[in-house]
Amino acid sequence: PPTGVGLIFDNSGSMRLLPPTFIAAGKTIVANLGEEDEGFVIRFVSSDKIEVLQNFTNVKEDLIDAIENLFIEGGRTALMDAVTLAAEKVVEQEEKTPNNRFAIIVMSDGVDVASYYDLDHLLKIIEGSDVQIFPLFFISDVSDGYNSTSKRRFERLNAVRLGQVLALRTGGTATFFEKRPTDDELNNALRALMVEIRSQYVIEYTSTNQKRDGKVRSLQVSISDGPNGEKRTGHIRGSFTVPLD
C-alpha cells in the first residue's frame, strides 16, 4: 500500500554542524518514495518555532524545496512537541486513508530541553494507530556530564532511551550515530530504514481474551530460525490497544 512519511528535522543550535547531513538524508528518503507515496516536512527548534514547511504531498519537488529551506537558529529544543504535532497530522491523515502505511522519521540529537508535551501524551495520541516512528539520532556531541545550559545530566543516556522507546512502542527502529557519519554510513542506514518501511508483514491471530475494553495489552512475537539455523529477529511494537465495543 502507499506510504505516508513524515520528516522531522531538529534545527536547534546543537545541530549547527549537521544541516548538510540532514538535507542529504531527507533528499535521499524523498527520492525513494513511490509515485503514490506522500510525505510532509516539519522543522523545529523551540515550542514556538515548530513549522510545517510542507504538508502531505506526493510532489517530490515540493518536498525537496522544503528540505533545502532548513536552517539553524537558537532556541530551547522541543523535540517531543514536534513529534506530537507530526503524530497528530498522521492520525488525521490515517482516518482519510486507513489502508495506507505511515512512518515518522525524526532527525535530531535526541535531547529535549523544553517540550510542553511528554512521551505519555504522545503515546496516547497514537493509541490504535499503526504509525511507526524511526528515530535517527546523531549523538556524537551529546554528553552525559553536567550541562550548564540545560542543567541536565545523562543527556546521552536519555536520548538513547527516548529513541528506543519511540521505536519499540510503535514497531519502528532506532538508529544512533555515535560519530558524524560518512556518506556511505548514512546511505547504508537510510537503505536499511527504507527497506524496513517497505518490508512489512501483517500477522493475524485470535486472542484468548475476548474483552474489548480499550486497554493496552503487551505483545510478543517469536520468529523461528532460518533453514540453515541463522537467527532471525523482528521489529515488533511492544503493545497494542484493544478497541472498545
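Just so it is clear, the model here is predicted, and its values are computed rather than measured. (Residues numbered from 1 in each chain as written. Predicted model: local features only at pLDDT ≥ 70, side-chain atom pairs only at ≥ 80, totals over all residues. Heavy atoms only, no water.)

Asker: Where do I start with the packing of helix α1 (residues 19-31) against helix α2 (residues 60-68) in this structure?
Answerer: Helix packing geometry: the angle between the two helix axes and the distance between the axes. The N-to-C vectors of α1 and α2 enclose an angle of 170 degrees; their axes lie 9 Å apart at closest approach. Judged by the inter-axis angle, α1 sits roughly antiparallel to α2. Between α1, through I23, G26, K27, V30 and A31, and α2, the contact on the second element is made entirely by K60, L63, I64, I67 and E68. A class-by-class count of the residues in the contact of α1 with α2 yields 6 nonpolar, 1 polar and 3 charged. (Axes fitted to C-alpha atoms, helices over the stretch in contact; angles between N-to-C directions. Helix = DSSP H or I, 4+ residues; strand = E, 2+ residues; numbered from the N terminus. Parallel < 35°, antiparallel > 145°, perpendicular 65-115°, else oblique. Contact = heavy atoms within 4.5 Å. Nonpolar A, V, L, I, M, F, W, Y, C, P; charged D, E, K, R; others polar.)

Asker: I tried to follow the packing of α1 against helix α6 (residues 183-198) on my own but got confused; where do I start?
Answerer: It is the contact of α1 with α6, at a shortest axis distance of 11 Å, that shows an interaxial angle of 35 degrees. The crossing of α1 and α6 is right-handed. Residue-level inspection shows T21, A25, T28 and I29 of α1 in contact with α6, the latter providing L186, N187, L190 and M194. (Left-handed = near helix turned anticlockwise from the far one by under 90°.)

Asker: Got a minute to help me understand the sheet that holds strand β6 (residues 175-177) in this structure?
Answerer: Strands belonging to one sheet form pairs held by backbone hydrogen bonds; the direction of such a pair is parallel or antiparallel. What the 6 strands build is an open sheet, ordered β3-β2-β1-β4-β5-β6; its pairing is mixed. In this open sheet, the two edge strands, each paired with only one partner strand, are β3 (50-57) and β6. With strand direction ignored, the average angle separating the axes of adjacent strands in the sheet is 10 degrees. Sheet analysis places strand β1 (residues 3-10) next to strand β4 (residues 101-108), joined by 7 bridges and oriented parallel. Opposite T3, over in β4, you have R101 as the bridge partner. Each of β1, β2 (38-44) and β3 touches α2; the most contacted strand, β3, lies at about 165 degrees to it. (Pairing = 2+ DSSP bridges.)

Asker: Looking at this structure, how should I read the environment of K215?
Answerer: Looking at where K215 falls in the secondary structure, it is placed in the loop between α6 and β7 (216-218). Overall, the relative accessible area of 53% leaves K215 in the exposed class. Considered as a pair, K215 and N228 are 13 residues apart in the sequence and their alpha carbons are 40 Å apart. Beyond its immediate sequence surroundings of up to four residues, K215 is in contact with F240, T241 and V242. (Buried < 20%, exposed > 50% of the residue type's maximum accessible area, 1.4 Å probe, protein only.)

Asker: Could you clarify how one ought to interpret the packing of aromatic side chains in this entry?
Answerer: The description of an aromatic ring pair uses the distance of the two centres, along with the angle that the planes make with each other. Per the counting criterion, the structure on display carries 7 aromatic pairs. Arranged with centres 6.1 Å apart and planes meeting at 50 degrees, the rings of F9 and F22 form a pair that is tilted. Highlighted residues: F9 in strand β1 and F22 in helix α1, separated in sequence by 13 residues. Note on accessibility: F9 and F22 belong to one class, buried. Ring pairs connect the aromatic residues F9, F22, F138 and F177, which therefore count as one cluster. Against the face of F71 rests R43, its NZ or CZ located 3.9 Å from the ring centre. Over the ring of F40 we find K89, and its NZ or CZ is 5.5 Å from the ring centre. (Phe/Tyr/Trp six-rings, centres within 6.5 Å; stacked < 30°, edge-to-face > 60°. Lys NZ or Arg CZ within 6 Å of the ring centre and 35° of its normal.)

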